[in-house]
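Descriptive analysis of the structure
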Amino acid sequence: MTPQVDRLAVESIVREIVLKRLGTCPGKDRVGHPSRLVVNASARHMHVSPQDLEAMFGPGHQLKPLRPLFQPGTFAAEETVVLVGPRGRVISNLRILGPVRSTSQVELSFTDAIMLGIENVPLRLSGDLEGTPGTFVMGPQGVVELNKGVIRAAMHVHMGPADAEFYGVRHRDLMKLRVGDGAAVTFDQVRVRVDPASRLEVHMDTDEANACALHLAKQVELVKP
Ligand SMILES: [Zn+2]
C-alpha cells in the first residue's frame, strides 16, 4: 500500500520554498525592519589556521569552497577532517568552514561532545578559547594536536550597524530569540555581534535547532530582554 501524500502539506512546503526564494516569507518580516531575520543552525564544524591546514593537507594547501554561507565571504569547504576524541571515538567527516583564521577551533553540539566523551565542553563565543579542551584532528596528510579550541558555540546574532540601531542594541549585548508559534521556545541569551560586514543572522547549533523545531518554525523574532 502506497502512503497517501498529504496534498495540503505539500502545497504548504512549496509555498514556503517559493516565498523564501522571493525573499518575502510572511511571518518572518516586520514592518519597517531593515533586514529580514534569518535563523540558521550550524552543524559541527572546524575553523582552521593556515599552519594546521598545511599540517593536515600538505604544504601550500588552500581551502576549496564547496558552497557559500550566509555571511559574506564565508563558505563551507570541500575539506573535511577526522576528529579523534579522548576515548578513541571519532567524528569521521568534520567539515571545515572558510576562510582560514588565525587560530583553529572546533565547534560541537552538546550531543556531539557527549558522544565523543569530551566532558564539560564550555559554551563560548567564537575565538574565546582560553581553558577549553583540546583534541586531535586528522587530515589526509597529517595529524594536528589542538591544545585547546573545542567549544559549544554560544548562540549569537550577527548584524550590521543599521540593524543594531533598529533593535537598539550594541556589540556584546544580550537579546532573546523567540521561535515558533503555538508552544513557542524562547532562548534568553543570544549574544549580539555587530560588524559592518555582517548580515542579520542568528546562529544556533543543531541541538538548539532540534529543541525548537527550527525547520518547522513559521515565526522567529528577536527581542531586547
Ligand atoms: Zn556566527
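Residues numbered from 1 in each chain as written. Predicted model: local features only at pLDDT ≥ 70, side-chain atom pairs only at ≥ 80, totals over all residues. Heavy atoms only, no water.

1. Some points on the overall build of the protein chain
Put simply, the rule reads: Think of it this way: any DSSP run of H or I at least four residues long counts as a helix, any run of E at least two long counts as a strand, and we number them from the N terminus. Between buried and exposed lies partly exposed: a residue is buried under 20% and exposed over 50% of the maximum accessible area for its type, with that area taken using a 1.4 Å probe on protein chains only. Here, residues are in contact when the closest pair of their heavy atoms is within 4.5 Å.
Regarding its fold elements, the protein chain presents five helices and 15 strands. Buried positions account for 41% of the 225 residues belonging to the protein chain. A sequence separation of at least 24 residues applies to 65% of the contacts in the protein chain between residues at least 6 apart.

2. A short note on the sheet that holds strand β13 (residues 185-194)
Our working rule: At least two DSSP bridges between two strands are needed for those strands to be called paired. Axis angles are defined between N-to-C directions and span 0 to 180 degrees, where every axis is a line fitted to C-alpha atoms and, for a helix, only to the segment in contact.
A sheet is described by the order of its strands in space; here six strands give the open sequence β1-β14-β11-β13-β12-β15, paired in mixed fashion. Looking at strand neighbours, the two that pair on one side only are β1 (38-42) and β15 (220-223), the edges of this open sheet. Between one strand and the next, the sheet's axes are offset by a mean angle of 35°, whatever the strand orientation.

3. Structural notes on the packing of aromatic side chains
What counts, and what does not: In this scheme Phe, Tyr and Trp rings, the latter by its six-membered ring, pair at centre separations within 6.5 Å, and the angle between planes marks the pair as stacked below 30 degrees, edge-to-face above 60, and tilted otherwise. Any Lys NZ or Arg CZ that is within 6 Å of a ring centre and within 35 degrees of that ring's normal is treated as a charge sitting over the ring.
Within the structure shown, the criterion is met by one aromatic pair. Over the face of the ring belonging to F110 we find R152, whose NZ or CZ atom lies 4.5 Å from the ring centre. Over the ring of F70 we find R199; its NZ or CZ atom is 3.8 Å from the centre of that ring.

4. Things to note about the pairing of strand β10 (residues 150-153)
Of the two faces of β10, the one carrying V150 and R152 and the one carrying I151 and A153 are both buried. In this sheet, β10 lies alongside strand β6 (residues 105-107) in parallel orientation, the contact comprising two bridges. The partner of V106 across the bridge, within β10, is V150. When strand β7 (residues 123-124) meets β10, the two strands line up parallel, connected through two bridges. In the strand pairing of β10, R124 is matched with A153.

5. Some words on the coordination of the zinc ion
What counts here: A 2.8 Å cut-off from the metal defines N, O and S donors, relaxed to 3.2 Å for Na, K and Ca; water is not in the atom list, so some sites may appear incomplete.
Of the protein atoms, only H156 (NE2), H158 (NE2) and H203 (ND1) coordinate the zinc ion, at distances of 1.9 to 2.1 Å. In primary sequence terms, the donor set of the zinc ion follows H-x1-H-x44-H. Look at H158 and you get buried, because its relative accessible area is 15%.

6. Structural notes on the environment of P99
Looking at where P99 falls in the secondary structure, it is placed in the loop between β5 (90-98) and β6. For P99 and V48, which are 51 residues apart along the polypeptide, the C-alpha to C-alpha distance reads 8.3 Å. Not counting the four nearest positions on each side in its chain, P99 is found in contact with L63, G73, T74 and F75.

7. Description of the pairing of strand β4 (residues 75-84)
Look at any regular strand and the pattern is simple: side chains alternate between the two faces of the sheet. As defined by bridge partners, strand β3 (residues 65-68) adjoins β4 across three bridges and the pair is classed as antiparallel. Following the sheet pairing, P65 is matched in β4 by A77. A loop of six residues connects β3 with β4, the two strands running antiparallel in sequence, and G73 in this loop sits at a positive phi of about 85°. With six bridges joining them, β4 and β5 adopt antiparallel strand pairing. Bridge pairing in β5 places F75 opposite G98. Hairpin geometry of β4 and β5 is characterised by an intervening segment of five residues between the two adjacent antiparallel strands and by a positive phi of about 80° at G88.

8. What to know about a nonpolar patch on the surface
Stated formally: Patches were defined on residues exceeding 30% relative accessible area and lacking a salt bridge, with like-charge contacts within 9 Å and nonpolar side-chain contacts (Val, Leu, Ile, Met, Phe, Trp, Tyr) within 5 Å. Surface accessibility follows the Shrake-Rupley procedure with a 1.4 Å probe radius. Residue values consider only the protein chains on display as shielding. The term salt bridge refers to a pairing of a side-chain nitrogen on Lys or Arg with a carboxyl oxygen on Asp or Glu at a separation within 4 Å.
The grouping of F136, M138 and V143 at the surface amounts to a nonpolar patch, some 260 Å² of accessible area in total. For V143, the position within the fold is in strand β9 (residues 143-146).

9. With respect to the side chain of D52
Cut-off, in case you're wondering: As used throughout, the charge tally considers Lys and Arg to be positive and Asp and Glu to be negative, leaving His and the chain termini uncounted. By the criterion applied in these results, polar contacts are pairs of N or O atoms within 3.5 Å in which, for protein atoms, one can donate a hydrogen and the other can accept it, and in which residues neighboring in sequence qualify only through two side-chain atoms.
Relative to the helices and strands, D52 is located in helix α2 (residues 50-57). Among buried Asp, Glu, Lys and Arg side chains, D52 stands out as unpaired, with K148 the closest opposite charge at 11 Å. Polar contacts involving the side chain of D52 include one to the side chain of S104, which spans 2.6 Å. Each residue touching D52, except ones within four places of it in the same chain, is listed here: S104, V144 and L146.

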